[in-house]
Amino acid sequence: MKKTLAILLAALMLIGMFSFASAEAKTYKVGVSIYQYTDNFMTLYRNEIENYFKSLETDDVKYEITMADAKNDMAEQTNQVRNFITQGMDVIILNLVQTSSADAVIDEIVAADIPLVLINREPLAYDADGNTLDESYAGILNNAKVCYVGADARQSGTFQGEMVAALDNHGDINGDGKVSYIMIEGDPENIDAQYRTEFSVKALTDAGIEVECLDDQVGNWDQTKGQELCANALSNYGDKIEVVFCNNDGMALGAATAIQTAGRKVGEDIYLLGVDALPEAIDLIKEGDMTGTVLNDHIGQSHTAVDVAVKLLNGEDIENYYWVDYVKVDKAYVDAQ
Ligand code: BGC
């Protein structure tokens, strides 16, 4: 009798242990490296990656996120990726410092058999002479567990130009038959900067509007730099400047300050365009201190990136490319919100 009881007790304990083990949550390790924490747009983006991962947690599934600032330094980012590999991350989300280093980084991650979601900075296909090809990049296409989540920057540039073309004077404030503009560019290695620069102006010329470029400078996505470049251009070209195109809102916020300091007034004697739809830019549009911006949907992009990371964690098949649309944001749009 005693023996039977002891066996029964042992069996019950075993069952208890098993059910306890199966109730324990599975924790996935996620490594995220962001090209630079001080970037306004990437700050919204990375915060939403964390929030959204947390919102997907259940009693059974948890996500342990290790987020790293690559400080705009590719060597630093490569180290972070190597640490992620040694730490045995289950998935990596990567916002590259330099897209030209994509091959090397992807190779190391693929060799470690860790799925990879690239975000925001699209690696490109080049020909033998280093010219950008309008083709998908082999490093992504040839790997079943690698993908890119982003937005087609051509669309954002086109939207900027279209907002100017839609103005009553089509951007030609002084009525001399052409739109005289300055361009403040993001990091020139970045396709977002290249496409926005090209397609904003193309939208004007496609609409039959003559253009004149007074100045084209690199502000590296940075607000302080944007202010400095715009202030210089305003003092060099004065009233000749009718439109200020900035590749992002960070630089446009700086340009807005420079425009105010120079005693110019957006909507009256100058127009100012950005991209991202940062809350601060939306406020400026509301007050009439910025002409328009383009929503770079960090919510849509971060959620897509996390959703696809979760698919990869579940061993599901994925696409190699995921695209999120931009949205035109002018005063009418802001007022209607
Ligand atoms: C955003 C910029 C940001 C850059 C970072 C772009 O898509 O518009 O604001 O600085 O990404 O790579």
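Residues numbered from 1 in each chain as written. Predicted model: local features only at pLDDT ≥ 70, side-chain atom pairs only at ≥ 80, totals over all residues. Heavy atoms only, no water.

Enquirer: Which parts of the structure should I look at to understand the domain arrangement of the protein?
Expert: By a frequent convention, interface size equals the accessible area lost on bringing the separate parts together. The domain boundaries assigned to the protein delineate domain 1 (25-151 + 298-325) and domain 2 (153-295). Computed from C-alpha atoms alone, the centre-to-centre distance between domain 1 and domain 2 is 30 Å. Taken together, the contact pairs 17 residues of domain 1 with 18 residues of domain 2. Counting each side, the surface lost to burial between domain 1 and domain 2 is near 1,300 Å², with a carbon and sulfur contribution of 37%. The tally of links between domain 1 and domain 2 comes to four residue pairs in polar contact (both at pLDDT 80 or more). In terms of residue class, the side of domain 1 that touches domain 2 is built from six nonpolar, six polar and five charged. (Domains from an automatic or database assignment. Contact = heavy atoms within 4.5 Å. Buried area = accessible area lost by both parts, 1.4 Å probe. Polar contact = N/O pair within 3.5 Å; in protein donor to acceptor, adjacent residues only side chain to side chain. Nonpolar A, V, L, I, M, F, W, Y, C, P; charged D, E, K, R; others polar.)

Enquirer: Explain the environment of Asn-247 to me, please; I cannot follow it from the model alone.
Expert: Inspection of the secondary structure assignment puts Asn-247 in the loop between strand 10 (243-246) and helix 9 (249-261). A C-alpha to C-alpha distance of 5.9 Å links Asn-247 and Gly-274, two positions 27 residues apart in sequence. The residues touching Asn-247, leaving out its near neighbours within four places in the chain, are Met-183, Ile-184, Glu-185, Gly-186, Ala-193, Arg-196, Thr-197, Trp-221 and Val-275. Of the polar contacts made by the side chain of Asn-247, one reaches the side chain of Thr-197; its length is 3.3 Å. (Helix = DSSP H or I, 4+ residues; strand = E, 2+ residues; numbered from the N terminus.)

Enquirer: Help me understand the site of the ligand, please; the structure alone is not making it clear to me.
Expert: Around the ligand, the neighbouring residues are Tyr-35, Asp-39, Phe-41, Asn-120, Arg-121, Asn-190, Asp-192, Arg-196, Trp-221, Asn-248, Asp-276 and Asn-296. In this structure, Arg-121 approaches the ligand through a side-chain N or O atom, which is 2.8 Å from an oxygen atom. Side-chain polar atom of Asn-296 to an oxygen atom of the ligand: 3.2 Å apart, as the coordinates give it. Taken by itself the ligand offers 310 Å² of open surface, and the protein chains cover 99% of this. Looking at the shell around the ligand residue by residue, the classes come out as three nonpolar, four polar and five charged. Counting contributing residues, the shell around the ligand receives three or more from each of domain 1 (25-151 + 298-325) and domain 2 (153-295). (Near = heavy atom within 4 Å. Areas by Shrake-Rupley, 256 points an atom, 1.4 Å probe, with all protein chains shown as cover.)

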